[in-house]
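Chain by chain, the residues run as shown.
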Amino acid sequence: GAVVSQHPSWVICKSGTSVKIECRSLDFQATTMFWYRQFPKQSLMLMATSNEGSKATYEQGVEKDKFLINHASLTLSTLTVTSAHPEDSSFYICSAPTGGSNYGYTFGSGTRLTVV
Amino acid sequence: KQEVTQIPAALSVPEGENLVLNCSFTDSAIYNLQWFRQDPGKGLTSLLLIQSSQREQTSGRLNASLDKSSGRSTLYIAASQPGDSATYLCAVHGSGNTGKLIFGQGTTLQVKP
């Protein structure tokens, strides 16, 4: 089945530094990638939608200059958290449509970001 | 604005019990509804996807139903096992196939041996 590989699984960084999270579609082409954030004991909230070769679309309240998204190829989308602060600590997860008649979605394994 | 609610928030049952998880959504104009499983600190695993034109889907011990007109879906788990312990998330894909999923807050299930 369709697999989205997400790295790193977890990362600890200092305040003010930047962190890059990668999501790769391994056996299919992901023209679209969705990026979600999940705070402890809360559900997933969509942050932005990236499309290969074009600018990402951000949800209301999400700072595009802080959460840089790049989708340069059909198999790779990246999310960079710039100048990270402790309040950015969260679980970030990507998702791509797997296409076909079901129009389901495949999720990456998630990245636990802790900013200290 | 679509809102998705899951009840109960947490559930603890002894092994072998049949159980039902509930999901409700406010806007019935949906494209499809998907149930996921999430283990602690892990990503999501898709369990069942129901298209808006379908009433139910089954996979093994899992059965999901959809009543679009009333804005409800249920996930039925038969003969629960300790390995079923996880958080179960319901997600609605709104009409227009935009790709945006709206998630409920999940039901955390614990199955005791």
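A.B. asks: Explain the overall build of chain B to me, and be specific about the residues and the numbers.
C.D. replies: Check the secondary structure of chain B and you find zero helices and 11 strands. The N-to-C order of helical and strand elements in chain B reads β-β-β-β-β-β-β-β-β-β-β. In terms of overall dimensions, chain B is globule-like: its C-alpha atoms have a radius of gyration of 13 Å, near the 13 Å expected for 113 residues. With the principal axes as the frame, chain B shows a C-alpha extent of 45 × 30 × 20 Å. Of the contacts made within chain B by residues no fewer than 6 positions apart, 54% connect residues no fewer than 24 positions apart. Working note: accessible area of chain B is about 5400 Å², and carbon and sulfur atoms make up 47% of it. Placing the 9 positive and 8 negative side-chain charges of chain B at their respective mean positions leaves the two points 5 Å apart.

A.B. asks: Describe the pattern of salt bridges, with residues and values.
C.D. replies: Pairing between side chains becomes possible if they bear opposite charge and their charged atoms approach one another. Inspection of every chain in the model, using the stated rule, returns five salt bridges over all chains. The residue A:Glu22 makes a salt bridge to A:Arg24 at a minimum N-O spacing of 3.7 Å. In this structure A:Glu22 comes out as partly exposed when scored by relative accessible area, which is 27%. Taking relative accessible area as the criterion, A:Arg24 reaches 37% and is therefore assigned partly exposed. We note a salt bridge from B:Asp39 to B:Arg37, for which the minimum N-O separation is 3.0 Å.

A.B. asks: Can you lay out the sheet that holds strand S7 (residues 62-67) of chain B for me, pointing to particular residues and giving the numbers?
C.D. replies: Note on sheets: strands pair through backbone hydrogen bonds, and any given pair is parallel or antiparallel. Residue and element names in this part refer to chain B. With antiparallel pairing, the five strands of this open sheet are ordered in space as S1-S3-S8-S7-S6. Both edges of this open sheet fall to strand S1 (4-7) and strand S6 (56-59), since each of them pairs with a single strand only. For this sheet, the mean inter-axis angle between neighbouring strands, taken without regard to orientation, is 15 degrees.

A.B. asks: Outline the state of the cysteines, listing residues and values.
C.D. replies: Residues and elements named next belong to chain A. Scanning the model with the defined rule gives two disulfides over all chains in all. Cys23 shares a disulfide with Cys94; S-S distance 1.8 Å. Residues Cys23 and Cys94 are joined through a disulfide that is left-handed, its torsion about the S-S bond being -95 degrees. One end of the pair, Cys23, is in strand S3 (residues 19-25); the other, Cys94, is in strand S9 (residues 90-99), and 71 residues separate them in sequence. Overall, the relative accessible area of 0% leaves Cys23 in the buried class.

A.B. asks: Hey, could you go over the interface of chain A and chain B for me, with residue numbers and the actual values?
C.D. replies: Facing the 18 residues of chain A at the interface are 22 residues of chain B. Carbon and sulfur atoms supply 54% of the area buried between chain A and chain B, which totals about 1500 Å² over both sides. Connecting chain A to chain B are one salt bridge. Its salt-bridge partner being A:Glu59, residue B:Lys100 comes within 3.2 Å of it at the nearest N-O pair. Counting every contact that joins chain A to chain B gives six residue pairs in polar contact (both at pLDDT 80 or more). Taken together, the elements giving at least two residues each to the side of chain A that touches chain B come down to strand S4 (32-38), strand S5 (44-51), S9 and strand S10 (104-107) of chain A. Within the side of chain A that touches chain B, the residues separate by chemical class into nine nonpolar, seven polar and two charged.

A.B. asks: Can you lay out the sheet that holds strand S1 (residues 4-7) of chain A for me, pointing to particular residues and giving the numbers?
C.D. replies: Residue and element names in this part refer to chain A. If you walk across this open sheet you meet the four strands as S1-S3-S8-S7, and the pairing is antiparallel. On the outer flanks of this sheet lie S1 and strand S7 (67-73), each paired with one strand and no other. With strand direction ignored, the average angle separating the axes of adjacent strands in the sheet is 15 degrees. Examined bridge by bridge, S3 and strand S8 (residues 76-81) share six bridges and lie antiparallel to one another. The partner of Lys20 across the bridge, within S8, is Thr80.

A.B. asks: Describe in detail the side chain of A:Arg37, supporting the description with residues and values.
C.D. replies: Residue and element names in this part refer to chain A. Tracing the backbone through its elements, the reader meets Arg37 in strand S4. No salt bridge forms around the buried Arg37; measuring N to O, its nearest opposite-charge neighbour Asp88 is 4.8 Å away. With residues up to four places along the chain from it excluded, the contact list for Arg37 reads Ser43, Leu44, Met45, Met47, Phe67, Ser90, Phe91 and Tyr92.

Quick notes on the rules
Residues numbered from 1 in each chain as written. Chains lettered and ligands numbered in written order. Predicted model: local features only at pLDDT ≥ 70, side-chain atom pairs only at ≥ 80, totals over all residues. Heavy atoms only, no water. Helix = DSSP H or I, 4+ residues; strand = E, 2+ residues; numbered from the N terminus. Rg over C-alpha atoms; globule rule 2.2 N^0.38 Å. Contact = heavy atoms within 4.5 Å. Areas by Shrake-Rupley, 256 points an atom, 1.4 Å probe, with all protein chains shown as cover. Lys, Arg positive; Asp, Glu negative; His and termini not counted. Charge placed at Lys NZ, Arg CZ, Asp CG, Glu CD. Salt bridge = Lys/Arg side-chain N within 4 Å of Asp/Glu carboxyl O. Buried < 20%, exposed > 50% of the residue type's maximum accessible area, 1.4 Å probe, protein only. Pairing = 2+ DSSP bridges. Axes fitted to C-alpha atoms, helices over the stretch in contact; angles between N-to-C directions. Disulfide = S-S within 2.5 Å. Buried area = accessible area lost by both parts, 1.4 Å probe. Polar contact = N/O pair within 3.5 Å; in protein donor to acceptor, adjacent residues only side chain to side chain. Nonpolar A, V, L, I, M, F, W, Y, C, P; charged D, E, K, R; others polar.

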